[in-house]
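Report on the structure
Chain by chain, the residues:
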Amino acid sequence: MEHGELKSVARILKEQCKDFVQGIFCFNPTLEKCVVTVTRLVLPSFADIIYHYKCRMVSKDISAETMYDVLHDIEYRKKWDANVIETFDIGKLTVNADVGYYAWKCPKPLKNRDVITLRSWLPMGNDYIIMNYSVKHSKYPPKKDMVRAVSIQTGYLIQSHGPRSCTLTYLAQVDPKGSLPKWVVNKSSQLLAPKAMKKIGKACLKYPEWKQKHNPHYKPWLFPEQSRLPSIPLSELSIQHADSLENIDESGLSEAKDERAEGSDEESTN
C-alpha cells in the first residue's frame, strides 16, 4: 500500500472511530466499568455473517506512546495475552507495513482460530493508527487443527490527551468462518471484549519496567532501520476471501463447564 493510499485509509478509519457510540471502558486504578456492544452484520457482499465489534477504553494513567508500543511489541504480547497460542512476524512490505500470523484460543468446545494479516501503521499528529486485513500466503496455508478466520477490517485508533492520558478505540469486522452459538456472541460482548481491554490497560502499566529488561531500545515500529524481517514481494500475497475457506457449523455446541467457571485474568509479565 502506497503512503498516500495508507493515509486515506487511515483517515476513513479515524472517521469511523469518531462515530463510536456503542461502548466505553474507563480504565484507571479506581474505576473498572465496561459496556460493550457486539453487533452481528450481514453485509451485501458477503454470504456469511460478519461480526462487527466496537469498543473504546479511556486511560487516565497511560500515555499514547506506551499504548502504541504495547500493541506493536510482539514479544511482550506473548507475556500478557493469555489467549495467544502462537504469533510471529512473517516479513515486511514497507517501513510501516508487515505480514504476520496470529492464532488464539476460543471458548471451549469451539475450535481455535488463526489468521494471516497484512498490518499497516501510521502516526497522525498526536494520534496513532494500526490497521490490518486478511491475506493469503502460500507458505502458511490453513491448518487442520485450526479454523482460518478472516479479518475484513480491523483497526486501533490511539488518541493522546496529554503526557499520561489516552483513548484507545478498537473496531473490527471479522468473519469467524462458522456459525457460532448464541452464548459465544453474548460472552464476547459481556465478558471477553471488556476483559481484553482491561488486560491491555494493565499490560500498558507494566510495560515500561518490562521493556527496560528486554531490548529497551529495540522498537522497529518506530525505527524501521532496526527491523530484522525479510522483505516480502507483494506478488506473494493475495486477499483472503472468506468464500474460499471452509465454514464450520458450531451453533449447536454448549459451553464447557470449565469455561463457565472461568477464573482470574491475572497474568505474569515478568
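Above this text is the structure in question.
Criteria and cut-off values
- Residues numbered from 1 in each chain as written.
- Predicted model: local features only at pLDDT ≥ 70, side-chain atom pairs only at ≥ 80, totals over all residues.
- Heavy atoms only, no water.
- Helix = DSSP H or I, 4+ residues; strand = E, 2+ residues; numbered from the N terminus.
- Buried < 20%, exposed > 50% of the residue type's maximum accessible area, 1.4 Å probe, protein only.
- Contact = heavy atoms within 4.5 Å.
- Salt bridge = Lys/Arg side-chain N within 4 Å of Asp/Glu carboxyl O.
- Polar contact = N/O pair within 3.5 Å; in protein donor to acceptor, adjacent residues only side chain to side chain.

1. Some remarks on the overall build of the protein
A tally of helices and strands in the protein yields five helices and 14 strands. Buried positions account for 49% of the 270 residues belonging to the protein. Long-range pairs, those at least 24 residues apart, make up 68% of the contacts in the protein between residues at least 6 apart in sequence.

2. Description of the environment of V174
For V174, the location among the structural elements is in strand β11 (residues 166–175). A relative accessible area of 18% means that V174 is categorised as buried. When the C-alpha positions of V174 and S134 are compared, they lie 9.7 Å apart, and in sequence the two are 40 residues distant.

3. Description of the pattern of salt bridges
Counted by the stated rule, this structure contains eight salt bridges. Put simply, R77 and D81 hold a salt bridge, and the shortest N to O gap is 3.0 Å. Judged by its relative accessible area of 8%, D81 is buried.

4. Some points on the environment of D81
Relative to the helices and strands, D81 is located in the loop between α3 (74–80) and β5 (84–94). Distance from D81 to A196, taken between C-alpha atoms, is 8.4 Å for residues 115 residues apart in sequence. Side chain to side chain, D81 and Y102 meet in a polar contact 2.7 Å long.

5. Digging into the side chain of Q240
One can find Q240 in the loop between β13 (237–239) and β14 (248–249). Taking the relative accessible area as the measure of exposure, Q240 reaches 5% and is therefore buried. Aside from chain neighbours lying at most four places away, what touches Q240 is S134, V135, K136, V150 and L245.

Function cannot be read off these values alone, since they describe shape.
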